[in-house]
Every structure is written in structure tokens, then in C-alpha cells.
Amino acid sequence: MKIKLIQPAMLPRPMDTKLKTRMSPSLALLTIANLTPKEHEVIIENENVENIDFDEPVDLVAITVTVDVMNRAVEISKEFQKRGVTVIAGGIHITADPEGALNSFDAICVGMAERVWTKILKDKENNSLKKIYYDMENIAGKEIVSPNYYIIDNKKYLYTNIISTSRGCPFKCDFCYNSCKNMLKTYINRPIDDIIKDIKALKTRHIMFIDDNFIGNPQWTKKLLKEIEPLKLKWNAAVTSNIVDMPELLDEMKEAGCQSLFIGFESINSKSIDSVHKVQNSVNRYEKLIDEIHKREIMINASFVFGLDEDDVSVFKSTLEWIVKNKIETVTSHILTPYPGTKLYSSLVEENRIVDFNLSNYNTAHVVYKPKNMTAEELYNGYLWIYKEVYTFKNIMKRLPKSKKQWIPFLAFNLFYRKFGRLTELLCNIVSFKNIGRFFRWLAYFIK
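Residues numbered from 1 in each chain as written. Predicted model: local features only at pLDDT ≥ 70, side-chain atom pairs only at ≥ 80, totals over all residues. Heavy atoms only, no water.

A. A look at a nonpolar patch on the surface. Together, F393, F420, L423 and L426 give the surface a local cluster of nonpolar side chains, amounting to about 410 Å² of exposed area. Secondary-structure assignment places F420 in the loop between α15 (407-419) and α16 (421-430). Classification of F420 as partly exposed rests on a relative accessible area of 34%. (Patch = residues over 30% accessible without salt bridge, like charges linked within 9 Å, V, L, I, M, F, W, Y side chains within 5 Å. Areas by Shrake-Rupley, 256 points an atom, 1.4 Å probe, with all protein chains shown as cover. Salt bridge = Lys/Arg side-chain N within 4 Å of Asp/Glu carboxyl O. Helix = DSSP H or I, 4+ residues; strand = E, 2+ residues; numbered from the N terminus. Buried < 20%, exposed > 50% of the residue type's maximum accessible area, 1.4 Å probe, protein only.)

Pasting the structure below:
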């Protein structure tokens, strides 16, 4: 069969440029490509970087779906179905809300694809396709398949050196997909030998680990760090704030080449943290955590969520002051968004507080529910304000790292990606991505 794997175009947030859409390919689709038996032909089309060829003769289309591209995925599905092509959908949104996707595709894959993808292909060939495919009972890390990094054109992306070391997360925060009933209910790590093979296959010293939680099993993480230290890598990852209790692990991260860590601080208000059951966060230890990370010359990308029920309009100013005071290198902000399938979504539905059911607006840049202690307009304007203020010249310089070796990547991100992102986007349209890729790898250390 001829199989087309599709990533629908994302809808940019107010602060996004085309740099965001071109940052990296879909690891999910690269994995599906490697799961596909060699007798089939596989094509990948990422609508963020190229047009979809609807008229190309194919036997099967598979679409990876996040909540904000669900509407576009349905449009794509209809176009192929009109041409008599079978369409399968999978991905995090399909897993979180399978009931909402059933009528839009010929079949859906719920959860990990490792066990079911070849079954889907065989059933398609035998005209016996089922409506739902799910098989993750007692799934193990050794079953996770490496991506096929060679199937895409690297020149279309700024950064392709992405590796996943695990699946799942040991924590189940109410607003996170990990609170959904169909999500992996455990945390599994891949065999370290497989990860080393992936690193060597990429033929680079720059690696972005894109796990939900790189330290979900700290003892395993320590074993991995010992293996990668001799490789002299420069890498970044996402971790939870309870790493404050693991100073030895931070030491080993530094020695193994860690450049920056993405951390979901979410709020500096402990009541807000408690309201969404983010049990791994201890607000009164945030500054100690930051100090421990900075002492090891590792930079921080801090994630914040605004609009939690304990937030009022004062949250934006107090958070900005805290960010500047603690010299947080870069910030990723979000408006609280109730993803369908999560505990948060169920709670807000019960309270009749969701006011917008257009999934295209569920990209953390729209207010789709009734906030408790501020108006929707105040929440949206505060969200835009804090992005603007974090990246003023004054606040960029106030957050300049103490370590001079971090100044270039820090300034590159803050100026060329955030403050002058539109100008950088224009430069990218003039100069090929391949020729400026090395420069933007500095930026990729911070973006998630």
C-alpha cells in the first residue's frame, strides 16, 4: 500500500512566528513510519512546512491530531474520503477524547501505536477495519520503536535532533492530558541502548529530549546520564520541579552536558497549584530550585498557566516581578485551557463554565471558559501583557545570566526569537533554513 502520514497545520498564537511551525518534525509520524513494514510505501506531509497533495493516489492516510488542529484534521479527512481514501486518526487528542473523534475518521488509534499499527494495516488490506484500536495493557519500554529520522527532508526544519526516552508521566495534574482515562497509567522508559543508537544515528552533539518528564524515574535517568556523558553532548529536557530534592541528579546532568531545563512552575501562588492537584510542585521551594539550577550553569524555560481559580488580575504583575527577580532565562505562558478528556474539562462542564467549544481555540491562547476572579478580557490582556513585558529590553537585560558563556544563547533567543521574531522570520524567508540552522540551534535549547 501507499500510505500518507499527515501533520495538520497548527494555528499560531499571538506571539508565534513561522519559526515555531518549522521548529521540528512530528516524532509520532516518524515513529509510525518506522513501524510500517517495508513492503509499504510511506510519505510524510507536514502542513506547517508544505501543502498537502490531496490528489496524489494513496491507499491510506493517517493523521496525528492535537486538540487545536482537530477541526483541520476533520477537513483533511473529508477531502481524502471524498476521493475514496481510508483515513485513520491518532495522537494525543484522539486518545484523550476518542468519543468526539469516532464519526470523523474511518478508524482511530487510541494510545500508543506500537502494538496496533501493523494490525490496522492488515485489517485495511483485508477490508476488515475496526472503528477503534487500543492495546496498551502492561506495555513495556522495550516495545517503544525508534523514529525513522531519514524519511524527512531536514532542510525544512530548524531542528530535527529530537529524542524521546520515555512515555507517560507519574503525575496526573488536573489540566494535563495525563489525567485522561485513556492515557498511559504508568511511566515507562526505553532501553538505554536504543536511545544511544538514536543519538548516534542523528550524528550530532546537540540533542533535544522531548519527554513529558525526563526524570519520571530518577534512578533510570542517572543510568542514562552515565552513558551519554562520554558522548560530550549538549542537550535540554523537560523536568518536574521536584528535582529540587535531587541535587546529585542535577550534578550529573551538568556533567552530561545539560544546557537548559523546561519546568512547569505554572503559578507562584500555592493555592493555585493546589487547586489543580500539581502535587510535585512546592512554591515555597521554587527559589531554591532556581538557585540550584543556576549554580550549575543550566538555564531555565519556565512555564506558567494563568487563569487558575485562585488567580486574580494581580497575578500578572507579581509573576513578572518574580521572573525578573530570579533571572528566569525564558518564559512560556499559557491561558488555562480545559482539554477535552481531562479532569479540568469535566469539572468546568459540570459547573457550566465552558463558553467556547471551538477546538481551534484550545491552543492556550484563548479564554474558552469563565474565569472565577477576573473577566475573560482581563485574563487575555494579562496573558499578552506578560509576554510583552518579559521581553522588553529592560527586562531582558535584568534577566541576563550570571555566566557569560550563556549570554549568546540567552540573547539569541530573547532577541531573535521573541522580541524580533517577525524580523527573524523575514530573514528565514530570504536565507534557506539549512544555512542558518546552526544559529537557530541556540534558540531550540529553549523552545518546547
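So, next bit.
B. Representation of the pairing of strand β11 (residues 234-239). Extensive coverage of β11 is indicated by the burial of five of its six residues. Looking at chain direction, strand β10 (residues 206-209) and β11 are connected through three bridges and run parallel. Its bridge partner being in β11, I207 is matched across the sheet by W235. Sheet topology places β11 next to strand β12 (residues 258-266); five bridges connect them, and they run parallel. Note on β12: the bridge partner recorded for N236 is S260. Each parallel crossover has a hand, and for β11 linked through helix α8 (residues 247-255) to β12 it is right-handed. (Pairing = 2+ DSSP bridges. Right-handed = clockwise from strand over helix to strand, strands pointing away.)

C. Focus on the sheet that holds strand β5 (residues 107-109). Taken in spatial order, the six strands of this open sheet run β2-β1-β3-β4-β5-β6, and their pairing is parallel. Across the chains shown, the open sheet's two edge strands, defined by having one partner strand only, are β2 (41-46) and β6 (132-133). Where β5 and β6 come together, two bridges link them in parallel fashion. By the bridge assignment, I108 is partnered in β6 with I132. Seen against the sheet, helix α3 (residues 70-82) touches β1 (2-7), β3 (60-64) and β4 (86-90) and runs at an angle of roughly 180° to β3. (Contact = heavy atoms within 4.5 Å. Axes fitted to C-alpha atoms, helices over the stretch in contact; angles between N-to-C directions.)

D. Quick peek at the packing of aromatic side chains. Applying the stated criterion across every chain, the model contains 14 aromatic pairs. The interplanar angle of 45° and the centroid separation of 5.1 Å between the aromatic rings of F54 and F80 together place this pair among those described as tilted. Of this pair, F54 sits in the loop between β2 and β3 while F80 is found in helix α3, placing the two residues 26 residues apart along the sequence. Since its relative accessible area comes to 18%, F54 is described here as buried. On the accessibility criterion, F80 (0% relative accessible area) is buried. Between F265 and Y286 the ring centres are 4.9 Å apart and the planes differ by 90°, which places this aromatic pair in the edge-to-face class. Here F265, found in strand β12, pairs with Y286, found in helix α10 (residues 286-295); they are 21 residues apart in sequence, far enough to count as distant. (Phe/Tyr/Trp six-rings, centres within 6.5 Å; stacked < 30°, edge-to-face > 60°.)

E. Fine view of the sheet that holds β10. Spatially, β7-β10-β11-β12-β13-β14 is the arrangement adopted by the six strands of the open sheet, whose pairing is parallel. Two strands lie at the open edges of the sheet, namely β7 (162-163) and β14 (330-335), each paired on one side alone. On top of the sheet, α10 reaches β12 and β13 (299-306); it is set at about 170° to β12, its chief contact.

F. Spatial organisation of the domain arrangement of the protein chain. On domain assignment, one finds that the protein chain holds domain 1 (2-135) and domain 2 (161-446). Each of domain 1 and domain 2 was reduced to a C-alpha centroid, and the two centroids are 26 Å apart. Contact residues are listed per partner, giving 31 residues for domain 1 and 39 residues for domain 2. Counting each side, the surface lost to burial between domain 1 and domain 2 is near 2,900 Å², with a carbon and sulfur contribution of 65%. At the boundary of domain 1 and domain 2, one finds four residue pairs in polar contact (both at pLDDT 80 or more). Contributions of two or more residues to the side of domain 1 that touches domain 2 are made by α1 (18-21), α2 (27-35), α3 and α4 (92-96). No other element matches the four residues that α4 contributes to the side of domain 1 that touches domain 2. For the side of domain 1 that touches domain 2, a count of residues per class yields 16 nonpolar, six polar and nine charged. (Domains from an automatic or database assignment. Buried area = accessible area lost by both parts, 1.4 Å probe. Polar contact = N/O pair within 3.5 Å; in protein donor to acceptor, adjacent residues only side chain to side chain. Nonpolar A, V, L, I, M, F, W, Y, C, P; charged D, E, K, R; others polar.)

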